[in-house]
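Listed below, chain by chain, are the residues.
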Amino acid sequence: AAGAVPQVLPAAPASPPLPAPPSHRPGTPGIFVRSPPRRQRGERARRVSSGWGRCCGGCGDPACEGKAERTGFAQPGKGPAQSGAQWGPSYLVSELQSIPSWILRDRRVRLRALCRTTPGVTARASERTVEPLEYYRRFLKENCRPDGRELGEFRTTTVNIGSITTADGSALVKLGNTTVICGVKAELAAPAVDSANKGYIVPNVELPSLCAERFRSGPPGEEAQAASQFIADVIENSQMIVKEDLCIANGKLAWVLYCDIICLDYDGNLLDASVFALLAALKNDHWNLFVSSVQLPLVTINEETGLSEVNLKQKNPLIIRKHPVATSFAIFDDTLLIVDPTAEEEDLATGTVTIVTDEEGRLCSVHKPGGSPLTGAKLQDCITRAITRHKEVKKLIDKVIKSITPK
């Protein structure tokens, strides 16, 4: 309207200044980190709550080989509940590059407070990928391994006997993550001309593509063929099964034992698991008896027709004369020996050696496919450890047989 006095609107209040970077008072432990946006909190909280985070290596502490604190920015000397931490190490590790320098002062010192310094547990993933050999050497200097085992310690071993009901004998063996199943099947065949009084033992080790990414479908690879030949040599050298015991009629009929060993999950030390599985598949009712759980039916040859007659009602157990057990070692830096190597340790090792002994402590076979040489003293140490391992396997099989034997 005319003559109206224009009103002057009040000035908008000045926006408050940005807060100054928080100062870290001397003697006050902790790390100052801005709170992430609300939308990111749920995702990062789920990421952290799923488990332990890993040290990113930013602390620079050569003794740091441990897992970071799960609950995050725990203050030195205080537990997670006391420090009031809200975010786990995964958030810290993933956001270190985006945190301004004034927020995280002396990052290396404070990261050391977040990491346990216990050797032998999961360490820096980046270093393990870039320099795996140096990563392992730091553990070996402390006489331990990244999975927490000592140098002469085997992984957890489990065995299940009678896993395949359609086979004459079977067993499933798990050595750490390495899983092997063995099935034994008996068939009739004519003996060879040059060995008319002997039967056949045909071991076959299969490494399908499902057990590891390194293997491919198709014909057996070099490693599978070498393992099959090793099993055949162990059976022959240890006299585990004498081929003359498989003969039915001289020059006419004999038994053929097909020992199929299939690796379901490969994580190193295939030879030990394969020999163990074969021994368990040919298990005895008692370790000291020479009879096997594999029952062969009575077979006779009709003189009039010349044909074989099989009596399924009358069976005779297969005779097992020896009980070989294999123990494998990996050689690091030409001098250090570790027992029961994993797949990663086998790849990094400068050589491997497998010792096979029987229940009497006698040496049945030594398998060393090239690599670093061994001194006589080192070889004797391997044999001594192999004898001890044989006792452990014997105790385990006896325990399993006792649990399945009807009272």
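Residues numbered from 1 in each chain as written. Predicted model: local features only at pLDDT ≥ 70, side-chain atom pairs only at ≥ 80, totals over all residues. Heavy atoms only, no water.

Enquirer: Hey, could you run me through the overall build of the protein in this one?
Expert: Across its full length, the protein carries 10 helices and 12 strands. The buried share of the protein, taken over its 407 residues, is 42%. Expressed as a percentage of contacts within the protein between residues at least 6 apart in sequence, the contacts between residues at least 24 apart total 65%. Surface exposure of the protein reaches about 22500 Å², of which carbon and sulfur atoms provide 53%. (Helix = DSSP H or I, 4+ residues; strand = E, 2+ residues; numbered from the N terminus. Buried < 20%, exposed > 50% of the residue type's maximum accessible area, 1.4 Å probe, protein only. Contact = heavy atoms within 4.5 Å. Areas by Shrake-Rupley, 256 points an atom, 1.4 Å probe, with all protein chains shown as cover.)

Enquirer: Hey, could you run me through the sheet that holds strand β12 (residues 363-367) in this one?
Expert: Within a beta sheet, neighbouring strands are joined by backbone hydrogen bonds and run either parallel or antiparallel to one another. Spatially, the four strands line up as an open sheet ordered β10-β9-β11-β12, and their pairing is antiparallel. Each edge of the open sheet is held by one strand with a lone partner, namely β10 (336-339) and β12. Between one strand axis and the next, the sheet turns through 25° on average, direction left out of account. Relative to β10, strand β9 (residues 325-332) runs antiparallel, the two being bridged by four bridges. Looking at the pairing, F332 lines up with L336 of β10. The sheet contacts of helix α7 (residues 222-238) involve β9, β11 (351-357) and β12, and relative to β12 the element is tilted by about 155°. Relative to β9, helix α8 (residues 270-281) is tilted by about 175°, and along the sheet it contacts β9, β11 and β12. (Pairing = 2+ DSSP bridges. Axes fitted to C-alpha atoms, helices over the stretch in contact; angles between N-to-C directions.)

Enquirer: In this structure, what is going on with the side chain of R389? I would like to understand it.
Expert: Examined against the element boundaries, R389 turns out to sit in helix α10 (residues 376-404). Not counting residues within four places of it along the chain, the set of residues in contact with R389 comprises F154, T157, L175, V325 and T327.

Enquirer: What's the story with the pairing of strand β4 (residues 200-206) in this structure? I'm lost.
Expert: Taken residue by residue, a regular strand's side chains alternate between the two faces of the sheet. The side-chain alternation of β4 yields one buried face, formed by I201, P203 and V205, and one unburied face, formed by Y200, V202, N204 and E206. Where β4 and strand β6 (residues 253-265) come together, seven bridges link them in parallel fashion. Directly across from I201, in β6, lies its bridge partner L257.

Enquirer: Can you help me understand the environment of L271 in this one?
Expert: Counting through the fold element by element, L271 comes out in helix α8. Note on L271: relative accessible area 17%, which makes it buried. Considering only alpha carbons, one finds L271 and A227, 44 residues apart in sequence, at a separation of 6.6 Å. With near-sequence residues (within four places) excluded, L271 lies in contact with A227, F230, A326, S328, T354 and H367.

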